[in-house]
Amino acid sequence: VKLVSAYQSLPKIGEKANGDQVLVRQEDGRVLLAVIDGLGHGPGAEQASQLATQALAAVSLSDSLLKIMEIMDAKLVGSRGAAGSVVLFREGKSEACVVGNVEVRSSELRFPLVFSAGILGGRVRKFHTCCCPLKPARVVLFSDGVSSRTPFDDLRNLDPVAVCDAVMRSYRRKEDDATVLVADVE
Ligand SMILES: [Mn+2]
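What this report covers is the structure whose coordinates are included nearby. All values derive from a computational prediction rather than experimental measurement.

## Quick notes on the coordination of the manganese ion
- Protein-derived coordination of the manganese ion comes from Asp37 (OD), Asp144 (OD) and Asp176 (OD), at a distance range of 2.2 to 2.5 Å.
- Written as a sequence motif, the donor arrangement for the manganese ion is D-x106-D-x31-D. You can see Asp37 sitting in strand β3 (residues 30-38) and its partner Asp144 sitting in the loop between β9 (137-142) and α3 (160-170), a full 107 residues away along the chain.
- Looking at Asp37, the relative accessible area reads 5%, which means it is buried.
- Using a relative accessible area of 25% as the deciding quantity, one classes Asp144 as partly exposed.

And the structure:
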């Protein structure tokens, strides 16, 4: 798997702590992408989302996505909780799990996405994971601090760094932590 990725993450205007966190892992031909949005904003949100990315940094990328989500969920018990989406590329497959308001978009990969209702940290009744064949694609993950009306198709000729710049310049909601992660995979 060849990966070119970029991201930008900014806290709500006036906050130093960022309740959004990003993780990109690539090892042994496997890739994990995650954007986590701790509930609310400020230090409590940052702590929750950092617990999530710490958990994801420690999992085995050969575990099932369901198991990975359950490990992250368990780590957040007692925290404020978080929304979050995780995407895996491995063994010719692309897998995704979406909890709450972190969107996953790809015009090339047809994820049969089913959202998992609830909040990471104890209030997800059932994790829905989905899978589709992996092919050359761009996948974008973004928190709800970025407009869901961002015209990613219009930005498709830009490289990932330039997409992140354009999104944060024009489609960021400054009253929330905002994150966009763009990954091109071959
Ligand atoms: Mn948010």
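## Here's the deal with the nonpolar core
- If you look at the biggest cluster of nonpolar residues, it comprises 23 residues, and the most contacted ones within it are Leu32, Leu56, Met69, Met72 and Val86.
- Of all the elements in the fold, those that place two or more residues in this core are β3, α1 (43-58), α2 (65-75), β4 (82-90) and β5 (93-99).
- Judged by nonpolar contacts, the second largest core, of 22 residues, contains Ala83, Cys132, Val139 and Leu141.

## Structural notes on the packing of aromatic side chains
- All chains considered together, the criterion is met by one aromatic pair.
- The interplanar angle of 40° and the centroid separation of 5.2 Å between the aromatic rings of Phe142 and Phe152 together place this pair among those described as tilted. Of this pair, Phe142 sits in strand β9 while Phe152 sits in the loop between β9 and α3, and the two are ten residues apart along the sequence. In this pair, the class of Phe142 matches that of Phe152, namely buried.

## Some remarks on the packing of α1 against α2
- α2 packs onto α1 with a crossing angle of 140° between their chain directions and a minimal axis gap of 9 Å. In terms of axis orientation, α1 runs oblique to α2. Between α1 and α2 lies a crossing of right-handed hand. Here α1 contributes Leu51, Ala52, Gln54, Ala55 and Leu56 to the contact with α2, which in turn contributes Ile68, Ile71, Met72 and Lys75.
- Per-class residue counts for the contact of α1 with α2 are seven nonpolar, one polar and one charged.

## A word on α3
- Burial in α3 covers these residues: Pro160, Val163, Cys164, Ala166, Val167 and Met168.
- Against β1 (3-10), β9 and β10 (178-185) lie the buried residues of α3.
- Where α3 begins, the capping side chain belongs to Asp159, and its oxygen is found 3.2 Å from the backbone nitrogen of Val161.

## Here's the deal with the pairing of strand β2 (residues 20-27)
- Across eight bridges, β2 lies against β3 in antiparallel orientation. Paired with Glu27 across the bridge in β3 is Arg30.
- Between β2 and β3, which pair antiparallel in sequence order, lie two residues; one of them, Asp28, sits at a positive phi of approximately 50°.

## Overview of unusual backbone geometry
- Despite not being glycine, Asp28 shows a phi value in the positive range, around 50°.
- Checked against the element boundaries, Asp28 lands in the loop between β2 and β3.
- Of the residues examined, Asp28 reaches a relative accessible area of 71% and is grouped as exposed.
- Although it is not a glycine, Glu91 adopts a positive phi angle of roughly 45°.

Conventions we followed
- Residues numbered from 1 in each chain as written.
- Predicted model: local features only at pLDDT ≥ 70, side-chain atom pairs only at ≥ 80, totals over all residues.
- Heavy atoms only, no water.
- Donors = N, O, S within 2.8 Å, 3.2 Å for Na, K, Ca; no water.
- Helix = DSSP H or I, 4+ residues; strand = E, 2+ residues; numbered from the N terminus.
- Buried < 20%, exposed > 50% of the residue type's maximum accessible area, 1.4 Å probe, protein only.
- Core = buried A, V, L, I, M, F, W, Y, C linked by side-chain atoms within 4.5 Å.
- Phe/Tyr/Trp six-rings, centres within 6.5 Å; stacked < 30°, edge-to-face > 60°.
- Axes fitted to C-alpha atoms, helices over the stretch in contact; angles between N-to-C directions.
- Parallel < 35°, antiparallel > 145°, perpendicular 65-115°, else oblique.
- Left-handed = near helix turned anticlockwise from the far one by under 90°.
- Contact = heavy atoms within 4.5 Å.
- Nonpolar A, V, L, I, M, F, W, Y, C, P; charged D, E, K, R; others polar.
- Polar contact = N/O pair within 3.5 Å; in protein donor to acceptor, adjacent residues only side chain to side chain.
- Pairing = 2+ DSSP bridges.

Nothing here speaks to function; it is geometry throughout.
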